[in-house]
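# Structure assessment
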Amino acid sequence: MRFIRDIHAEKEATGKPTISFEFFPFKTSEGEETFFDKTLPALMTARPDYASVTYGAGGSTREKTLEIVERIQNDFDLTTMAHLTCVRHTQAEIGGILDEAAQRGIQNILALRGDPPPGEEWAQAKGGFEYASELVSFLRERGGFGVGVAGFPEGHIDCSEGRDVDWHHLVGKINSGVDLIITQMFFDNADYFQLADFLGGQGVSAPLFPGIIPVASAAQIKKFSTMCGATLPNKFVSRLDSLGDDAEAVREYGIEYATGQCRELLERGAPGLHFYTLNKSKSVLRILDNLGLG
Ligand code: FAD
């Protein structure tokens, strides 16, 4: 497989956006079957440039991430990045996971601090890392991996000093040696453009890929946005509320909203689009089709 930075450079040279899909490990074998037999084959028709697979906060799905990344790469010939977090890991354990990743042919890692398991506060593991930037440095010292990180257009929820301080921390993290940045979901493109301008002003040249989530359910998006501190614009919430329990209408609105967001992002220079697929294909395919990228 390839480094995502090389895939992106090639894509950029053709004037086309880099398109990526994010997945999470399945909880059941039925979920795994549906994903590999139906969801991923459907998504592959859009010819994505790469994919990524999240890393659980704890529990059994953690061990699945590398396995799923390897299977996507081998069975679908699609470069896939493994997310890795600092939660409850010593440096030695992280070293072991990276050895295994390399053995499985994985070349790209999204280096994250990670979210603590539900109900717990973030705590640095004994012998582990406090910030994602330390994991980035560790990866760079080890060598052999392309490295991505997370960025937060509205500032990170835990950064009590506010958005600008968080963005300065982000620059420090990027300067530890990063190939790409993927943003948290956001619903007002102004937040993305402000972060992009700030990073440009700080001399950052790594691509900032906007993270897009096609809304499938009002209750779910309200829960996600509260958890990660992403603001839902009033107009957006009013429209969702007006649709009530009509799941099909909510999904259609989600497609319409995300299409508008993506169109403006690309027109105004975003280097690509990273879709939080929630392991589903229909909305993402419709959005790409609307954009003429299907
Ligand atoms: P960091 O960059 O370490 O930042 C964490 C906090 O520390 C921020 O508030 C920052 O401002 C502050 N900070 C950073 N450096 C310093 C410093 N030097 N001094 C003081 N403060 C500092 N979570 C998962 O558990 N698994 C996943 O697979 C996963 N995938 C994600 C993918 C994307 C694209 C995104 C956007 C998020 C993902 N997350 C995932 C969530 C992420 O792990 C959490 O948001 C986490 O709380 C922050 O991670 P980070 O890597 O940005 O942390």
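Structural data are supplied above this passage.
Basis of the calculations
- Residues numbered from 1 in each chain as written.
- Predicted model: local features only at pLDDT ≥ 70, side-chain atom pairs only at ≥ 80, totals over all residues.
- Heavy atoms only, no water.
- 1 Å grid on protein atoms, 1.4 Å probe; cavity = no way out; pocket = protein on both sides within 12 Å on 5 of 7 lines; lining within 4 Å.
- Points joined across faces, edges and corners; volume = space filled by probe spheres on them.
- Helix = DSSP H or I, 4+ residues; strand = E, 2+ residues; numbered from the N terminus.
- Nonpolar A, V, L, I, M, F, W, Y, C, P; charged D, E, K, R; others polar.
- Phe/Tyr/Trp six-rings, centres within 6.5 Å; stacked < 30°, edge-to-face > 60°.
- Buried < 20%, exposed > 50% of the residue type's maximum accessible area, 1.4 Å probe, protein only.
- Lys NZ or Arg CZ within 6 Å of the ring centre and 35° of its normal.
- Pairing = 2+ DSSP bridges.
- Axes fitted to C-alpha atoms, helices over the stretch in contact; angles between N-to-C directions.
- Salt bridge = Lys/Arg side-chain N within 4 Å of Asp/Glu carboxyl O.
- Parallel < 35°, antiparallel > 145°, perpendicular 65-115°, else oblique.
- Left-handed = near helix turned anticlockwise from the far one by under 90°.
- Contact = heavy atoms within 4.5 Å.

### Here's the deal with the layout of surface pockets
What the second largest pocket holds in volume is close to 240 Å³. Going through the elements one at a time, helix 1 (4–13) and helix 7 (189–201) are the ones with two or more residues in the lining of the second largest pocket. Top element by residues in the lining of the second largest pocket is helix 7. It accounts for five residues. Taken together, the residues that form the lining of the second largest pocket break down as 11 nonpolar, four polar and two charged.

### Describing the packing of aromatic side chains
Two descriptors summarise a pair of aromatic rings, namely the distance from one centre to the other and the angle between the planes of the rings. Across all of its chains, the model carries 15 aromatic pairs by this definition. For the pair Trp167 and Phe198, a centre-to-centre distance of 5.3 Å together with 40° between the ring planes defines the contact as tilted. Residue Trp167 is found in helix 6 (residues 163–175), and its partner Phe198 is found in helix 7; the two are separated by 31 residues along the sequence. With relative accessibility at 2%, the residue Trp167 sits in the buried group. Of the residues examined, Phe198 reaches a relative accessible area of 18% and is grouped as buried. Ring pairing ties together the aromatic residues Phe23, Phe26, Phe35, Phe36 and Phe76, which thus form one cluster. Just above the ring of Phe36 sits the side chain of Arg71; from NZ or CZ to the centre is 3.8 Å.

### Details of the sheet that holds strand 6 (residues 180–185)
What links the strands of a sheet is backbone hydrogen bonding, and the strands pair in either a parallel or an antiparallel sense. The strand order around the closed barrel built from eight strands is 1-2-3-4-5-6-7-8, with neighbouring strands paired in parallel fashion. Going from strand to strand, the sheet's axes swing by 25° on average, the running direction of each strand aside. Inspection of the sheet shows strand 6 paired to strand 7 (residues 208–212) by three bridges, in the parallel sense. In the strand pairing of strand 7, Ile182 is matched with Phe209.

### Some points on the pattern of salt bridges
Here the structure, examined in full by the defined rule, presents 19 salt bridges. With its nearest N and O atoms 3.5 Å apart, the salt bridge here joins Lys64 to Glu67. Separated by three residues within a single helix, Lys64 and Glu67 lie in helix 3 (residues 64–76), roughly one turn from each other. Residue Lys64 is classed as partly exposed on the basis of its relative accessible area, which comes to 24%. Residues joined by salt bridges that share partners form a network here, namely Glu32, Lys64, Glu67, Arg71 and Asp75.

### Side note on the packing of helix 4 (residues 91–103) against helix 5 (residues 132–142)
Relative orientation of the contacting elements helix 4 and helix 5 amounts to 50°, with a least axis distance of 12 Å. Classified by the interaxial angle, the pair formed by helix 4 and helix 5 is oblique. The interaxial crossing formed by helix 4 with helix 5 has right-handed handedness. Counted together, Gln91, Ile94, Gly95, Leu98, Asp99 and Ala102 of helix 4 and Leu135, Phe138, Leu139 and Arg142 of helix 5 form the full contact between these two elements. The residue inventory of the contact of helix 4 with helix 5, partitioned by class, reads six nonpolar, two polar and two charged.

None of this, on its own, says anything about what the molecule does.
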